[in-house]
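# Examining the three-dimensional arrangement
So you can see what is in the structure, the chains are spelled out below.
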Amino acid sequence: MTRIALMVATALVAISPVAAPGQTTAPSPQSTTDFAVGPQYDTTHVYVAPEDFDRFVTSFTATFGGTTSKQGVFQVTPTDSKTKSQLALTPAGTVSVFGFLTPIPAPFGAERTGYLVTDLDAAVASAMRHGATRLITSFPDPIGRDVVVQWAGGVNMQLYWHTTRPSYPALATVPENRIYLTADAADQFVKQWRGFAHATVTSDDKTAPGAEIGQPGKSYRRIRMTSGYGKMSVIISDGQLPWPYGRDMTGYEVGDLPATLARATAAGVETLVPAHGEGDRQAAIVRFPGGYIAEIHAPVKP
């Protein structure tokens, strides 16, 4: 859906060869290519009821700043449907907002993010080689193509491609895709994502305090990675999470957490988990009008 939301915004504003005996098999170009374009083109998909659409967009930009694309009503799936659609572009990250006026056709509605790639067919082939499954085959739109894939643990993402590459400014801070998994799937997912995204593990804390995910007295494993697609935190636990943990798909980094939370409260955003320390950051979890739940954090100053 991100691919399509960016399409809307743009429209409205403008197999490895077999080695001969004795030869060393060269890596497939597609296995070594990084298809990422940049985190400013990667968005979280937010689905809200049509009546909550405007309140959500207003509260999100009031919290983080930024601008919006022109709102419209479109068919953004390859099968018949209709939705309100708009981008909210902020210095802390972008969201694609959808308020469907018709039932949402599968597999849409369960994908968490959309990532712009340089070559859709090659990126899909690479994703599948690294273990992803297509939930829908790629489909065209007026200025590009889209696909939805699923990784280990049921992590759904959309990949998209533009015929003409868009140009958005770099973000002030890069948002963090927050993936909650159990140990059954975590290592497999991390291996898949590292292979596909050329991601680097920046930290792997095997005994992070469970209080950070509402489990005082326990510990959990937290893997943080970075790639051309942005940041990612893989949160590995027994899955016995109290609400709202596990519902926060994205973490937004800000410079001043108290000031951001104050703006959020003034805009009608509810704080579900108050600000608290988590090692190198202060973090809180909030719920925007319409139900979107997000983590907001700021680095701890030395």
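Note that this is a predicted model, so its numbers are computed, not measured. (Residues numbered from 1 in each chain as written. Predicted model: local features only at pLDDT ≥ 70, side-chain atom pairs only at ≥ 80, totals over all residues. Heavy atoms only, no water.)

## What to know about the overall build of the chain
- Helix and strand counts for the chain stand at 6 helices and 17 strands.
- Looking at the 302 residues of the chain, the share that counts as buried comes to 52%.
- Summed over all atoms, the accessible surface of the chain reaches about 13100 Å², with 55% contributed by carbon and sulfur. (Helix = DSSP H or I, 4+ residues; strand = E, 2+ residues; numbered from the N terminus. Buried < 20%, exposed > 50% of the residue type's maximum accessible area, 1.4 Å probe, protein only. Areas by Shrake-Rupley, 256 points an atom, 1.4 Å probe, with all protein chains shown as cover.)

## Quick word on the sheet that holds strand β10 (residues 176-181)
- Ordered in space as β11-β12-β13-β10-β14-β17-β16-β15, the 8 strands form an open sheet in which the pairing is mixed. Two strands bound the open sheet, and with one partner strand each, they are β11 (200-209) and β15 (270-278). Adjacent strand axes in the sheet meet at a mean angle of 20° when their direction is disregarded.
- Here β15 runs beside strand β16 (residues 281-287); their pairing, made up of 6 bridges, is antiparallel. The residue bridging Thr271 from the neighbouring strand is Val286, located in β16. (Pairing = 2+ DSSP bridges. Axes fitted to C-alpha atoms, helices over the stretch in contact; angles between N-to-C directions.)

## Some remarks on the packing of aromatic side chains
- Across all of its chains, the model carries 21 aromatic pairs by this definition.
- Aromatic pair Phe56 and Tyr292: ring centres 5.7 Å apart, planes at 90°, arrangement edge-to-face. Here Phe56 is found in helix α3 (residues 53-64), whereas its partner Tyr292 is found in the loop between β16 and β17 (293-299), with 236 residues between them in sequence.
- Judged by its relative accessible area of 0%, Phe56 falls in the buried class. (Phe/Tyr/Trp six-rings, centres within 6.5 Å; stacked < 30°, edge-to-face > 60°.)

## Quick word on the pattern of salt bridges
- Inspection of every chain in the model, using the stated rule, returns 16 salt bridges.
- The residue Glu295 makes a salt bridge to Arg178 at a minimum N-O spacing of 3.6 Å. Here the residue Glu295 occupies a position in strand β17, and Arg178 occupies one in strand β10, the gap between them amounting to 117 residues. The same class applies to Glu295 as to Arg178, namely buried.
- For Glu212, the salt bridge identified is with Arg222, shortest N-O distance 2.7 Å. Highlighted residues: Glu212 in the loop between β11 and β12 (219-227) and Arg222 in strand β12, separated in sequence by 10 residues.
- On the basis of relative accessible area, Glu212 is assigned to the buried category, the value being 7%.
- Connected through salt bridges with shared partners, the residues Glu176, Arg178, Asp248, Arg281 and Glu295 form a single ionic network. (Salt bridge = Lys/Arg side-chain N within 4 Å of Asp/Glu carboxyl O.)

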